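# Fold and geometry: a report
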Amino acid sequence: MQPSSDVNQRIARIAAHLHPSNPQMEGNSGLRRANCRAKGGAPGFKVAILGAAGGIGQPLALLMKMNPLVSVLHLYDVVNAPGVTADVSHMDTGAVVRGFLGQPQLENALTGMDLVIIPAGVPRKPGMTRDDLFKINAGIVRTLCEGIAKCCPNAIVNLISNPVNSTVPIAAEVFKNAGTFDPKKLLGVTTLDVVRANTFVAEVLGVDPREVSVPVIGGHAGVTILPLLSQVNPPSSFTPDEVKYLTDRIQNGGTEVVEAKAGAGSATLSMAYAAVKFADACLRGLKGDAGIIECSFVTSAVTELPFFATKVRLGRTGAEEIFPLGPLNEFERIGLEKAKKELAESIQKGINFIRK
Ligand SMILES: NC(=O)C1=CN([C@@H]2O[C@H](COP(=O)(O)OP(=O)(O)OC[C@H]3O[C@@H](n4cnc5c(N)ncnc54)[C@H](O)[C@@H]3O)[C@@H](O)[C@H]2O)C=CC1
Ligand SMILES: O=C([O-])CC(=O)C(=O)O
């Protein structure tokens, strides 16, 4: 193992000198862009993706580059950021793209950002739980959040890295230690559970998934993913067999993809779609659009747990209103108790990682 300072110095040298043909990379002179009279300062939001060269990061970068609310897009990773940046920067959409490679460039990647999206970390292989990722991803999330606390403490954070049930508490502890914690601005991304629920419910009902809205509460792993089929919009009824089938499939949607990919990772394309759906909702909230409601795993008092996913209203300052669970049927009440038990342990594990 090389000492990390050596590795960091090597990465900095690579970033500064080995990509002279890539004027979007941090560390280059930028002469070409200056010669091109690049405007800069276009209206819109500044967004960073941390883990931008990964399976989620790349399609997420593509989709965020297409978002008209984004004026500046920073792509950070510990590998392959120059290639992804060069590629995405050629798209003829408004956002200016800049790349950042390795820890020495993390602070520049984060400075001035309005929204930071984090899909950095390792994905599951068949047979693993999301909690099996804790060992590696907890440390990655801690480092990245320390950077956010220092460089863009007011940014909204969309946390994708698993296990979300633990990484969100880790991020909260890091921000508390730094004195920058704003519970409204830390949002665990559970949108893929809602996207899956809408899709599977629409299949059962034989309708267009765009017309279906299923609240999914709790957390983002196994039984902590609790779809509220009694609150589907438009109001729909399901047989007990349908409820069981749908609940199982929604709770195990991630595993379904992990097994189908057979060792090549977990959901990336549907996740990038879900991440962009959620990030776009956050940006519309920041812009001042009214009535933006999404499910998210946030600091919450709707149960006795310190974090819980429910519908939230997104506004200029983040998750401005957290909605209660609403009326649950007997099946959902039993599911809620199971979800809370597992969630309590995962949350505590995240908190302990920073406190102990
Ligand atoms: N919240 C959700 O609904 C979902 C979460 N995930 C999670 O998202 C994470 C990423 O998944 P994939 O993109 O498929 O994995 P991947 O392995 O394809 O990409 C991860 C990227 O993170 C980068 N990375 C690693 N350490 C880093 C660091 N310290 N700083 C910045 N970047 C770093 C890697 O270089 C890689 O490019 C996993 O933890 C996965 O479990 C995946 C799907 C859904
Ligand atoms: O299942 C996984 O490991 C990735 C994930 O969180 C999902 O697809 O929901």
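If you're wondering where the values come from, they're calculated on a predicted model, not measured in any experiment.

Cis geometry is found at the peptide bond from Asn162 to Pro163, where omega equals -5°. Examined against the element boundaries, Pro163 turns out to sit in the loop between β5 (156-159) and α7 (164-178). With an omega of -5°, the peptide bond running from Asn233 to Pro234 counts as cis. As for its placement among the helices and strands, Pro234 is situated in the loop between β8 (225-227) and α9 (240-251). At Asn80, a residue that is not glycine, the phi angle is positive and equals roughly 60°. Mapped onto the fold, Asn80 is located in the loop between β2 (70-77) and α4 (81-89).

In the contact formed by helix α3 (residues 57-65) and α4, the axes pass within 10 Å of each other and the chain directions differ by 30°. Comparing the axis directions of α3 and α4 gives the class roughly parallel. In the packing of α3 onto α4, the handedness of the crossing is right-handed. Of the residues in α4, those touching α3 at Gln58, Ala61, Leu62 and Lys65 are Val84, Val88 and Ser89. Looking at the contact of α3 with α4 residue by residue, the classes come out as 4 nonpolar, 2 polar and 1 charged.

The next thing to look at is the confidence of the model for the protein. On average, the protein scores 93 in pLDDT, and the residues at 70 or more come to 89%. The low-confidence segment residues 11-18 (pLDDT under 50) makes 12 contacts with residues lying over four places distant or belonging to another chain. On the interface metric, ipTM, the complex scores 0.99, and its pTM is 0.94.

What follows covers the site of ligand 1. The environment of ligand 1 is made up of 29 residues, and the closest members are Gly55, Ile56, Asp77, Val122 and Asn162. A distance of 3.1 Å separates a nitrogen atom of ligand 1 from a polar atom in the backbone of Ile160. Here His220 contributes a side-chain N or O atom positioned 3.0 Å from an oxygen atom of ligand 1. Look at ligand 1: alone it shows 850 Å² of surface, and the protein chains cover 86% of it. At the level of secondary structure, the elements contributing two or more residues to the shell around ligand 1 comprise β2 and α6 (134-151). Top contributing element to the shell around ligand 1 by residue count: α6, with 3 residues. Each residue belonging to the shell around ligand 1 can be placed in one class, and the counts come to 18 nonpolar, 10 polar and 1 charged.

The next point concerns the site of ligand 2. Every residue close to ligand 2 is listed here: Arg124, Arg130, Asn162, Leu192, Arg196, His220, Gly254, Ser266 and Ala267. Contacts to ligand 2 include Arg130, whose side-chain N or O atom sits 2.9 Å from an oxygen atom.

What counts and what doesn't
- Residues numbered from 1 in each chain as written.
- Chains lettered and ligands numbered in written order.
- Predicted model: local features only at pLDDT ≥ 70, side-chain atom pairs only at ≥ 80, totals over all residues.
- Heavy atoms only, no water.
- Helix = DSSP H or I, 4+ residues; strand = E, 2+ residues; numbered from the N terminus.
- Axes fitted to C-alpha atoms, helices over the stretch in contact; angles between N-to-C directions.
- Parallel < 35°, antiparallel > 145°, perpendicular 65-115°, else oblique.
- Left-handed = near helix turned anticlockwise from the far one by under 90°.
- Contact = heavy atoms within 4.5 Å.
- Nonpolar A, V, L, I, M, F, W, Y, C, P; charged D, E, K, R; others polar.
- pLDDT = per-residue confidence, 0-100.
- Near = heavy atom within 4 Å.
- Polar contact = N/O pair within 3.5 Å; in protein donor to acceptor, adjacent residues only side chain to side chain.
- Areas by Shrake-Rupley, 256 points an atom, 1.4 Å probe, with all protein chains shown as cover.

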